[in-house]
Structure formats: structure tokens, C-alpha cells
Amino acid sequence: MTPADLSRTVLHAVRRAVDEGVLAGPVPDSVQVGRPGPGGSGDYATSVALRLAGPARRSPRDVAEILRTEILRTAPDLTRVDVTGPGFLNFTLAPGSRADLVRAVLDAGIRYGHGDTLTGTTVVLAPADEPRAAVRTETVLRLLRAQGADARTGEGATERLSVRPVPAALATDLFARLGPDAARWGLLRPAAHDRPATGDDLLVQHESNPLFTVRYAHARTRALVRNGADLAVPANGDAGTPEPEARALLKSIGDHPGVLAAAARHRAPDRVARHLERTAEAFLHFQETCRPLPVGDEKPSAAHRSRLALAEAAGTVLAGGLTLLGVDAPEHL
């Protein structure tokens, strides 16, 4: 079960509760599912009960308990649904559903996270000449289209992306000096209200450089898959359930569709860049704590296949995100 699946499951539970007269009030258009906050538990959480409490004229905890009962009736992919705090619903996925997530990523490829949340929406952006605004406009169009929107630039623009400009002394030679990948990252990674990154540190081949970390992590996943093939360890989504040590990486992978949708809605490609950094860090920690490939005389096992499939899924997310930002995802680095 992916976060998108879980969001639909909760939404259906709300609709059933309203239809059956157990819960009063309007049914929301969507339900946001994310990581549990402080005091939360499990893999994912939602605050939808707090939103519904006012119209339902009930306490958020009462609403959460109603939804908890409805969700448990029809969600075999969940082992636990807990109510915490003032009325947060917390979800713990069944072990097999984590393997389902890996399979979903490998099946979708770099289009994992693309969706239809903005289908029927038309966005016309004003063309931009200033370098940073032009790069952000191009990238936002790509993000919008990935969510099903009809997005373009042209006459009759309904929006204009306003950002702080690249300093004039650097703008003219930025791409020539840094190359297209580092230049684009430096223009997109800071939020729109922050100054762009234009220094030579974007070229540093060290973990202190987030761009290097993301691209290195992707190249490392590809190397693992190649080495796994040499050792006859297949990376596939049917390899079994990922281990508990992989939880942070699984969460980051599962968050990817929501991040892409939010980045499109808010016209904020920096959200994608930050998410790629988190995914890369989670992957690099995972490969250190859970060896994806056998070492020495160790025989390939189901655990190795599961770890390798998860590594490939992480690489797929990194490649997909970099592609949307217009940055190359190298096979070798």
C-alpha cells in the first residue's frame, strides 16, 4: 500500500461513514497522509479527523475512532490503526504491503509518483527571460504535467513565477561555469524567496554537496543492480518483505508521490530537491546497515533480493526526481 492508496482508503472510509449516517458533514475532496509527528506511531498518519470534527459537531478523537473502525473493516494491508494526540490517525502497514510499494515503484519506473491529481486543471504561465525564473517556469510546467494538468506558457497567462534574480555579475556565465546540472540545481534547490546558489561548491565531489550526494546515491544504486546481476542476485519486487532497518528509506520512497503533487500545486520544485536529498541520505544509511549483496562466501538469499529490490526502487525515485528537475541521473559517478 502506497501513501496514495492509503489516502484513498481513508477518503473512502469518510465517505462510507457519511453515507451510513455515522458521521455528519461534507466529504473532503482529498485526504493528506504523511509521516507521523511527535507522539505519533506507525508508518503514516493523517489529521483528517481534526478537519471533520467541526462540521460533524463531535470531538476529533470521536471522529478518529469512527474512521478507525471503518478503515479496519476494509484495509487488510494495515496491521494497526491507532488514534493519538487530539485525534490523529496512525497507520502501521502490514509487512507484505511494504513489498507491494517496492513492486509499484519498479513497475512504474521513473514515472512513479506521476498522477492525475490536477487532471482538468489548466495553467498558463507567463514566459520569463530572467535565468532563474525561466528555469523555474520550465520545471514547474514539467511538474504540473506530471500530475495531469494542461500546463503551458503563452498569451493570456494566469500566473507569473516571481523569484529573486540571479546576481547580474553571475547570471551570464552561470551555466558555462557550472555546467547545466549544477546550475539548474543551484537555481531550483533554494525556495523561491531565498537567494539562488551560484558558487563553485556545487561542483565539489563530497557529501557536503547535496547535489553530489543525490547523484552519487543514484549511481550507487545502479552499481548495486549491475553487481547483483553479475552475482545472479535478481532485483525484483517479488523478493519478499524489506527489513525493519529499511523503514526510513521505505517512508521516503512512499512519500515521493505526495511530494511531487505538492510541488506541482505550490509551484515549488525546491520541495522535490529537498526530498531527493532525504531519499539519498536514507539510501546511503540503508546500504551501510543492510548489505544489499552477499560478501565473501556468503550465499545469495531472499534478504539480499529484497534489499537489492529496495535499492533499485530508491534509485528509481532519485532518477525520476532528477529528471523532473532537468538534472542528469548518472549511471556512473
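Above this text you will find the structure in question.
For clarity, every value in this text was computed on a predicted model and none was experimentally measured.

### Some remarks on helix 2 (residues 48-56)
Within helix 2, the full set of buried residues consists of Val48, Ala49, Leu52, Ala53 and Ala56. End-on, the buried residues of helix 2 take up no more than an arc of 135°, which puts them together on one face. Residues of helix 2 that are buried sit in contact with helix 1 (3-19), strand 1 (44-46), helix 3 (60-74) and strand 3 (88-93). Immediately beyond the C-terminal end of helix 2, within one or two residues, lies Arg57, with a positive phi of roughly 60°.

### A short note on the sheet that holds strand 2 (residues 78-84)
With antiparallel pairing, 3 strands are arranged side by side in an open sheet as 1-3-2. Edge positions in the sheet fall to strand 1 and strand 2, since each of these pairs with one other strand and no more. With strand direction ignored, the average angle separating the axes of adjacent strands in the sheet is 20°. With 6 bridges connecting them, strand 2 and strand 3 associate as antiparallel partners. Bridging across to strand 3, Arg80 finds its partner in Thr92. Its contacts with the sheet place helix 3 against strand 2 and strand 3, and it is angled at close to 175° to strand 2.

### Focus on the pattern of salt bridges
Counted according to the given criterion, the structure contains 22 salt bridges. Taking the shortest distance from any N to any O, the salt bridge between Glu138 and Arg142 comes out at 2.7 Å. Taken together, the residues span about one helical turn, with Glu138 and Arg142 both in helix 5 (residues 131-146) at a distance of 4 residues. For Glu138, a relative accessible area of 35% translates into the label partly exposed. Within this structure, Arg16, Glu20, Glu70 and Arg73 form a network of salt bridges that share partners.

About the thresholds
- Residues numbered from 1 in each chain as written.
- Predicted model: local features only at pLDDT ≥ 70, side-chain atom pairs only at ≥ 80, totals over all residues.
- Heavy atoms only, no water.
- Buried < 20%, exposed > 50% of the residue type's maximum accessible area, 1.4 Å probe, protein only.
- Helix = DSSP H or I, 4+ residues; strand = E, 2+ residues; numbered from the N terminus.
- Arc of directions from axis to C-beta.
- Contact = heavy atoms within 4.5 Å.
- Pairing = 2+ DSSP bridges.
- Axes fitted to C-alpha atoms, helices over the stretch in contact; angles between N-to-C directions.
- Salt bridge = Lys/Arg side-chain N within 4 Å of Asp/Glu carboxyl O.

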